[in-house]
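Structural overview for review
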Amino acid sequence: MKKYISEMIGTMVLVLMGCGSAVFAGNMAGTVGAGVGTVGVALAFGLSVVAMAYAIGGISGCHINPAITLGVFLTGRMNGKDAGMYMLFQVIGAIIGSAILFALVSTGAHDGPTVTGSNSFGDGEMLQAFIAEAVFTFIFVLVVLGATDSKKGAGNLAGLAIGLTLVLVHIVCIPITGTSVNPARSIAPALFEGGEALSQLWLFIIAPFVGAALSAVVWNYLGDKK
């Protein structure tokens, strides 16, 4: 149970800090660029992963992302029961994080470009969004699988490598979808946002899972001892 609670707390922190940076980053003009900017939001997500990796990594492995959990499961590093419970508690943690953000927005001033940090794509840009989320999740999860490999991995530097990769992914993908590469991170804000965010949510669940599955296939080949 400690593993599951750790995943819940870690995902809560990721959503609170990452989405929170987007929610409160803007100014009266309502643009992220006038606040911490794209790089600032990207750093918030990446640094959240770094912080949690060293806080709970020794307990649960610090997946805090159903796509990572799927990749780990498909490479045979965890069983189906644990994978399912990880995903459940990740979503619960994300909802708690979004609930805190919703409470903050509802009880104080809000001048940012987004209320919940939900992901979205524009009209006619569904294919672009799907490709971006699948490809960037593939890259991100591949780094996770490589960095955390028991024999070929980065050891104590794994958390830093993973966090910095997430920063890199966000810098490129934020203008396209706001960057998900994490179904839990997308589910929770969409529940509070409703409307278009909820209608587009399917993409931010399926595309990251497709990317994660592909990364598992590739790593099973690259990491093969033969």
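The numbers attached to residues start from 1 for each chain and follow its sequence in the written order. Since the coordinates come from a predicted model, pLDDT governs what is reported: local features require at least 70, and pairs of side-chain atoms require 80 or more to be given and counted, while whole-chain, interface and lining totals use all residues. Here the side-chain values reflect all heavy atoms present in the structure, with hydrogen atoms and water set aside.

Comments concerning the overall build of the protein
- Secondary structure elements follow DSSP: runs of H or I no shorter than four residues count as helices, runs of E no shorter than two count as strands, and numbering proceeds from the N terminus. Scanning the protein for helices and strands turns up nine helices and zero strands.
- What you see in the protein, going N to C, is helices and strands ordered as α-α-α-α-α-α-α-α-α.
- For a compact globule of 226 residues, the expected C-alpha radius of gyration is about 17 Å, and the protein comes in at 16 Å, within 12% of that figure.
- For the C-alpha atoms alone, the extent of the protein along its principal axes is close to 55 × 40 × 30 Å.
- For the exposure calls, accessible area comes from a 1.4 Å probe over protein chains only, and a residue counts as buried if that area is under 20% of its type's maximum, exposed if over 50%, partly exposed in between. Residue burial in the protein is summarised as follows: out of 226 residues, 50% are buried.
- By definition, residues are in contact when any of their heavy atoms lie within 4.5 Å. Counting contacts in the protein only where the partners sit at least 6 residues apart, residues at least 24 apart contribute 79% of the total. Here the globule rule is a power law, 2.2 Å times the number of residues to the power 0.38, and the radius of gyration is based on C-alpha atoms.

Observations concerning the environment of Phe204
- If you trace the backbone, Phe204 turns up in helix α9 (residues 201-222).
- According to the relative accessible area criterion, Phe204 is buried, its value standing at 1%.
- Measuring from C-alpha to C-alpha, the distance between Phe204 and Ala44 comes to 20 Å, with 160 residues separating the pair along the chain.
- Filtering out sequence-adjacent residues up to four positions away, Phe204 remains in contact with Asn119, Ser120, Phe121, Glu133, Thr177, Ser180, Pro183 and Ser186.

A few points about the pattern of salt bridges
- For this document, the term salt bridge refers to a Lys or Arg side-chain nitrogen within 4 Å of an Asp or Glu carboxyl oxygen. Scanning all chains against the criterion turns up two salt bridges.
- Across the salt bridge formed by Asp82 and Lys3, the nearest N and O atoms sit 3.1 Å from each other. Of this pair, Asp82 sits in helix α4 (residues 80-107) while Lys3 sits in helix α1 (residues 2-23), placing them 79 residues apart in sequence.
- Owing to a relative accessible area of 14%, Asp82 belongs among the buried residues under this scheme.
- Residue classification places Lys3 among the partly exposed residues on the basis of a relative accessible area of 31%.
- Taking the shortest distance from any N to any O, the salt bridge between Asp149 and Arg77 comes out at 3.6 Å. One end of the pair, Asp149, is in the loop between α5 (126-147) and α6 (158-177); the other, Arg77, is in the loop between α3 (66-74) and α4, with 72 residues separating them in the sequence.

Section: α4
- Its 28 residues place the ends of α4 41 Å apart at the C-alpha level, agreeing with the 40 Å of an ideal helix rising 1.5 Å per residue.
- Taken together, the buried positions of α4 are occupied by Asp82, Ala83, Tyr86, Phe89, Gln90, Gly93, Ala94, Gly97, Ser98, Leu101 and Val105.
- The N-capping residue of α4, defined by a side-chain oxygen 3.2 Å from the backbone nitrogen of Lys81, is Asn79. Expected span of a helix, by definition, is 1.5 Å for each gap between consecutive residues, and there is one gap fewer than residues. Whenever a nitrogen or oxygen atom comes within 3.5 Å of another N or O atom, the pair is scored as a polar contact, on the condition that within protein one atom can donate a hydrogen and the other can accept it, and that pairs from neighbouring residues in sequence are kept only if both atoms are in side chains.

Observations regarding the nonpolar core
- As used in this record, nonpolar core signifies buried Ala, Val, Leu, Ile, Met, Phe, Trp, Tyr and Cys residues forming a set joined through side-chain atoms within 4.5 Å. Ranked by internal contacts, the top residues of the largest apolar core, which has 46 residues, are Ile64 and Phe140.
- Elements supplying a minimum of two residues to this core: α1, α2 (37-60), α3, α4, α5, α6, α7 (183-193) and α9.
- Per-element tally for this core: the top contributor is α1, with nine residues.
- Counting residues in each nonpolar core, the second largest holds six residues, with Phe121, Ala134, Leu203 and Ala207 among its members.

What about a nonpolar patch on the surface?
- For patch detection, residues must exceed 30% relative accessible area and be free of salt bridges, and they are connected within 9 Å for like charges or within 5 Å for nonpolar side chains (Val, Leu, Ile, Met, Phe, Trp, Tyr). Each accessible area is a Shrake-Rupley result for a 1.4 Å probe, and residues are judged covered by the shown protein chains and nothing else. Where nonpolar side chains cluster on the molecular surface, the patch consists of Phe24, Leu88, Ile92, Ile96, Ile100 and Leu104 and spans about 450 Å² of accessible area.
- Within the secondary structure, Leu88 is located in helix α4.

Observations regarding the packing of aromatic side chains
- Within 6.5 Å between ring centres, the rings of Phe, Tyr and Trp (the latter by its six-membered ring) count as paired, and their orientation is classed by plane angle as stacked under 30 degrees, edge-to-face over 60, tilted in between. Here the structure, examined in full by the defined rule, presents four aromatic pairs.
- Relative to Phe89, the ring of Tyr4 lies with its centre 5.6 Å away and its plane at 25°, an arrangement referred to as stacked. Here Phe89 lies in helix α4 and Tyr4 lies in helix α1, a separation of 85 residues in the sequence.
- Assessed through its relative accessible area of 8%, Tyr4 is described here as buried.

Remarks on the UniProt feature "transmembrane region" (unreviewed entry) in the protein
- UniProt positions are given in the numbering used here, feature names are shortened, and annotations may be inferred rather than shown by experiment. When the UniProt feature table is mapped onto this chain numbering, "transmembrane region" (unreviewed entry) sits at residues 44-74, 86-106, 126-145, 157-181 and 201-222.
- Secondary structure across residues 44-74 divides into 84% helix and 0% strand, with the first and last C-alpha atoms of the span separated by 29 Å.
- Secondary structure across residues 157-181 comprises 80% helix and 0% strand; the distance between its end C-alpha atoms is 22 Å.

Considerations on the environment of Tyr86
- Turning to its location among the elements, Tyr86 is positioned in helix α4.
- Judged by relative accessible area, Tyr86 falls into the buried class, the value being 4%.
- Considering only alpha carbons, one finds Tyr86 and Ala190, 104 residues apart in sequence, at a separation of 20 Å.
- A distance of 2.8 Å separates a polar side-chain atom of Tyr86 from the backbone oxygen of Ser60.

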